[in-house]
Each structure stands twice: as structure tokens, then as C-alpha cells.
Amino acid sequence: MATILDSVNQRTQLVGENRLELLIFKLNSHQLFAINVFKVREVVKVPTLNCLPGSHSHVKGVASIRGTSIPVIDLRASIGMRSTGIDELSNLIVTEYNGTVQAFLVGQVMNIVNMTWKDIQPPPDQVGKNNFLTAICQIKREDVDQLVGIIDVEKVLANIIDYNIKISDALLNNEVSQKLQGHKILIVDDSPTARNLIKSTLMQLGIEVIEASNGQQAYDLLDRWCHEGKAVTDEILMMFTDAEMPEMDGYRLTHKVRHDPRMSNLYITLNTSLSGSFNEAMTEKVGCNKFISKFQPDLIVEVVHNRLLEKLAIES
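Since this is a predicted model, take the numbers as computed values, not measurements.

S.K.: Can you tell me about the sheet that holds strand S12 (residues 208-212), naming the residues and giving the values?
M.R.: Taken together, the five strands give an open sheet; going across it, the order is S12-S11-S13-S14-S15, and neighbouring strands pair in parallel fashion. On the outer flanks of this sheet lie S12 and strand S15 (290-293), each paired with one strand and no other. Between one strand axis and the next, the sheet turns through 25 degrees on average, direction left out of account. As defined by bridge partners, strand S11 (residues 184-188) adjoins S12 across five bridges and the pair is classed as parallel. Within the sheet, the bridge partner assigned to Ile 185 lies in S12 and is Val 209. Strands in contact with helix H10 (residues 297-315) are S11, strand S13 (238-241), strand S14 (268-272) and S15; relative to S13, the strand with the most contacts, it is inclined by about 150 degrees.

What follows is the structure in C-alpha cells.
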């Protein structure tokens, strides 16, 4: 199964074109689920798992993969489904999020599909706020349209890992922090969990947060301000955007902003769980001012400090 991902490094050309590739799998049921290929290191059959007494109930144990001990998370149990055993169809999807490596125990891994973000939609509002999906899409299998749920992995991990949003005292009490009271920042992310973590960090500085759940929603907001005769940089200090989002991804959003003279000088920070080296290249390609990986509160604050100092220097 690992051979499915042999060409992952060549697939980076899709990013920036509002496209992505999804790894499709089952969770021992007929329903299909997916995660972005760019967050997947490899897919392997389930090796012997070593138990970790006292670990989270959704952690099945630790697997030794290529000489590295990797925690194994029962994805089915993590999204509220009944846990099942390991059988001949079970696989581990080894992933990297926010600088950490973990494996998700899943059922049968199907294939990789090439999609456009325009074909991927947020979950319907009627499913409630506690669902574990960031988006849904339809794919054709054997001439039948099938619904695919794209997992909110950040929410899954946040229920297991205790992400610390505390800002260090040195930054919190910094003179620049005192000048941030009342400033507004736009956060663009399809994961409510991710938005809440960033929002909770910024609110400690007295910053007012405006939220958008995808790039199209964010661009529409910026465009409306421009039509109303408002300067985008007067409305918000800066924008944090995720990379992967339905309808319009963060790279495409940045590209559109940079090529729109009404808003091209907006300060944009790419804030994503995708790998750092890849995003540093993409940051330069599409014109982001900065890239930081999730979730690092002090780094978020440092970026905001630098942006404010730059704005004050321009105005003085």
C-alpha cells in the first residue's frame, strides 16, 4: 500500500492551483472518508502494537515503524464511532501534523483521487458543531456517486493532545502587546478547532478576531469592504490563513489578494499543519509574508508584533 504514495513529492505542483489529492479509506464500514495526501507519510499494514498504560482511550498503542516509535490512534473511535478490532483489511496511515508524527488505525485504504477545492463543500449546518468533518465531497466509484467525509484531524488530535495556548509572560507583558488592544485580525480556517485555538491566543492581547471558514468566504469579505470604499488594511491588521480549505484554499486566496490592487498590500501569514519546508517554498511562490506551523502561540504573537511594528513604522 505504501506504493500508492511513491509520487507524493511530485504532487506538490497541484497546490496553488486550488487542487488537492485525497487518500480515500474506510473505517470498517461502507462509508468513505479521506485526508489530504500531503499530510500522509506512508500507509502500512498494522504491525504488533505495544500497549501504553495510562494513555488516552483512543490511543491503541505504539508501533515501531522504520525504527521509530509512533503512537497509533483509533480513528474510528476518535470520531465517535464504535471501536472495532484489527483484521486483515486494517491499515495504519502514518501522518505528520504540526510537527508531530502519528498513525491512524483505519480499515481498507482504497485509492487516491485528484480533486479541485471548488468541488469540496463544508458539512451542512444541520449536522451540528460537534461533527469531525471539515468538508465533504462526492466521488464516482463503479459508476456510482459516493459521499466522502474529509476528517478534521486537528479536532481529533486536539481531543487527545492538550494544546497549550498560553503566551509567555515576556511576550504578554511586552510593550508592543499593550498597543494591540482593539486591533482586528482575520482568521481563515475550515477547522473550528484551529480557529478557536488561534482566537484564544489573540484574545489574550485584546485583539478582536474576525473568522472565515474558507478562502472564498474570506475573499468575499475583503471584496465587500473594497466595494464599500474601505481600505482593507484599515479594517484589519493582518490575516492568518490555513492552506487546505473547501471552495478556495489559502494559496489561491493569497494569489487573488496579491493580484487585486485594492487589497494587495494586506499582510498575510500562512498558518498550517503541512510540512514546513514545502510551505516555505509555497509562501514565496504565492506571496505570503510569513509562514508558521500550527499551533505555536508565541510564534503567532511574534508575527503579530512584527506586523504592528512594520505598520507603525510606515505610518510614522
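S.K.: Describe empty space enclosed by the protein, listing the residues and the values that go with them.
M.R.: Enumeration according to the criterion identifies four cavities of 30 Å³ or more in this entry. When its volume is computed, the largest cavity comes out at roughly 190 Å³. Taken together, 19 residues make up the lining of the largest cavity; nearest its centre are Lys 39, Thr 134, Ile 151, Asp 190 and Glu 244. Every element with two or more residues in the lining of the largest cavity is listed here: strand S1 (19-26), strand S2 (32-36), strand S9 (133-141), strand S10 (144-151) and helix H2 (153-158). Looking at the lining of the largest cavity residue by residue, the classes come out as nine nonpolar, three polar and seven charged.

S.K.: Before we move on, could you go through the packing of helix H5 (residues 192-203) against H10 and cite the residues and values that matter?
M.R.: Direction vectors running N to C along H5 and H10 enclose 60 degrees, while the axes themselves pass 10 Å from each other. Of the possible angle classes, the one that applies to H5 and H10 is oblique. Relative to H10, the crossing made by H5 is right-handed. Where H5 approaches H10, its residues Ile 198, Thr 201 and Leu 202 are matched on the opposing element by Pro 297, Ile 300, Val 301 and Val 304. Looking at the contact of H5 with H10 residue by residue, the classes come out as six nonpolar, one polar and no charged.

S.K.: Explain the packing of aromatic side chains residue by residue, including any values.
M.R.: Scanning the entire structure with this criterion turns up one aromatic pair. Above the face of the Phe 132 ring, Lys 155 is positioned so that its terminal group lies 4.6 Å from the ring centre. Seen from the ring of Tyr 219, Lys 256 lies directly overhead, with NZ or CZ sitting 4.6 Å from the centre.

S.K.: Summarise the sheet that holds S1; cite the residues concerned and give the values.
M.R.: Sheet architecture is open: five strands sit in the order S8-S1-S2-S10-S9, paired in mixed fashion. With partners counted over all chains shown, the strands left at the sheet margins are strand S8 (109-116) and S9, one partner each. Along the sheet, successive strands turn relative to each other by an average axial angle of 35 degrees, direction set aside. Relative to S8, S1 runs antiparallel, the two sharing seven bridges. Of the residues in S8, the one forming a bridge with Glu 21 is Asn 114.

S.K.: Can you tell me about the confidence of the model for the protein, naming the residues and giving the values?
M.R.: In the predicted model, the protein carries a mean pLDDT of 86, and 90% of its residues have values of at least 70. Here helix H9 (residues 276-286) is the element of the protein with the lowest mean pLDDT, 65, and S11 is the one with the highest, 97. This stretch, residues 1-15, has a pLDDT under 50; its non-local contacts, to residues over four places away or in other chains, come to 29 contacts.

S.K.: So what about the pattern of salt bridges? Which residues, and what values?
M.R.: Applying the stated rule across the entire model yields 17 salt bridges. A salt bridge links Glu 244 to Lys 39; the nearest nitrogen and oxygen atoms lie 2.5 Å apart. Separated by 205 residues along the polypeptide, Glu 244 in the loop between S13 and helix H8 (250-258) and Lys 39 in the loop between S2 and strand S3 (40-45) bring together distant segments of the chain. Here Glu 244 matches Lys 39 in class, with each residue buried. Across the pair Lys 294 and Asp 242 runs a salt bridge whose closest N-O atoms are separated by 3.4 Å. With Lys 294 in the loop between S15 and H10 and Asp 242 in the loop between S13 and H8, this pair connects stretches of sequence that are 52 residues apart. The exposure classification of Lys 294 matches that of Asp 242, with both residues buried.

Basis of the calculations
- Numbering of residues starts from 1 in every chain and runs along the sequence as written.
- The model is predicted, so local features are restricted to residues of pLDDT at least 70 and side-chain atom pairs to those at 80 or more, both for listing and for counting; the totals for chains, interfaces and linings are taken over all residues.
- As a rule here, side-chain values cover all heavy atoms of the structure and leave hydrogens and water aside.
- One bridge is not enough; two strands pair if DSSP finds at least two bridges between them.
- Think of it this way: any DSSP run of H or I at least four residues long counts as a helix, any run of E at least two long counts as a strand, and we number them from the N terminus.
- With axes taken as lines fitted to C-alpha atoms, and helix axes fitted only over the stretch in contact, angles between N-to-C directions fall between 0 and 180 degrees.
- When checking whether two residues touch, look at their non-hydrogen atoms; a contact exists if any pair is within 4.5 Å.
- Grid points spaced at 1 Å and placed over the protein atoms alone form the basis of the search, with a cavity being a set where a 1.4 Å probe fits but cannot get out and a pocket an open set showing protein on both sides within 12 Å along at least five of seven lines. Lining residues have an atom within 4 Å of a point.
- Grid points are joined across faces, edges and corners, and a volume is the space filled by probe spheres set on the points.
- Amino acids outside the nonpolar list (Ala, Val, Leu, Ile, Met, Phe, Trp, Tyr, Cys, Pro) and the charged list (Asp, Glu, Lys, Arg) are all regarded as polar, and Gly is one of them.
- By definition in this entry, angles of less than 35 degrees are roughly parallel, angles greater than 145 are roughly antiparallel, angles of 65 to 115 are roughly perpendicular, and the rest are oblique.
- Handedness of a crossing follows from how the near helix is turned relative to the far one, being left-handed for an anticlockwise turn of less than a right angle and right-handed for a clockwise one.
- Here a Phe, Tyr or Trp ring, Trp counted by its six-membered ring, pairs with any other such ring whose centre lies within 6.5 Å, and the pair is stacked when the planes are under 30 degrees apart, edge-to-face when over 60, and tilted otherwise.
- The rule is short: NZ of Lys or CZ of Arg within 6 Å of the ring centre and within 35 degrees of the ring normal puts a charge over the ring.
- One number per residue, pLDDT, summarises how confident the predictor is, and it ranges from 0 to 100.
- The salt bridge criterion pairs a side-chain nitrogen of Lys or Arg with a carboxyl oxygen of Asp or Glu, the two atoms within 4 Å.
- Residue burial is assigned from relative accessible area. The probe radius is 1.4 Å, only protein chains are included, and a residue is buried under 20% of its type maximum, exposed over 50%, and partly exposed in between.

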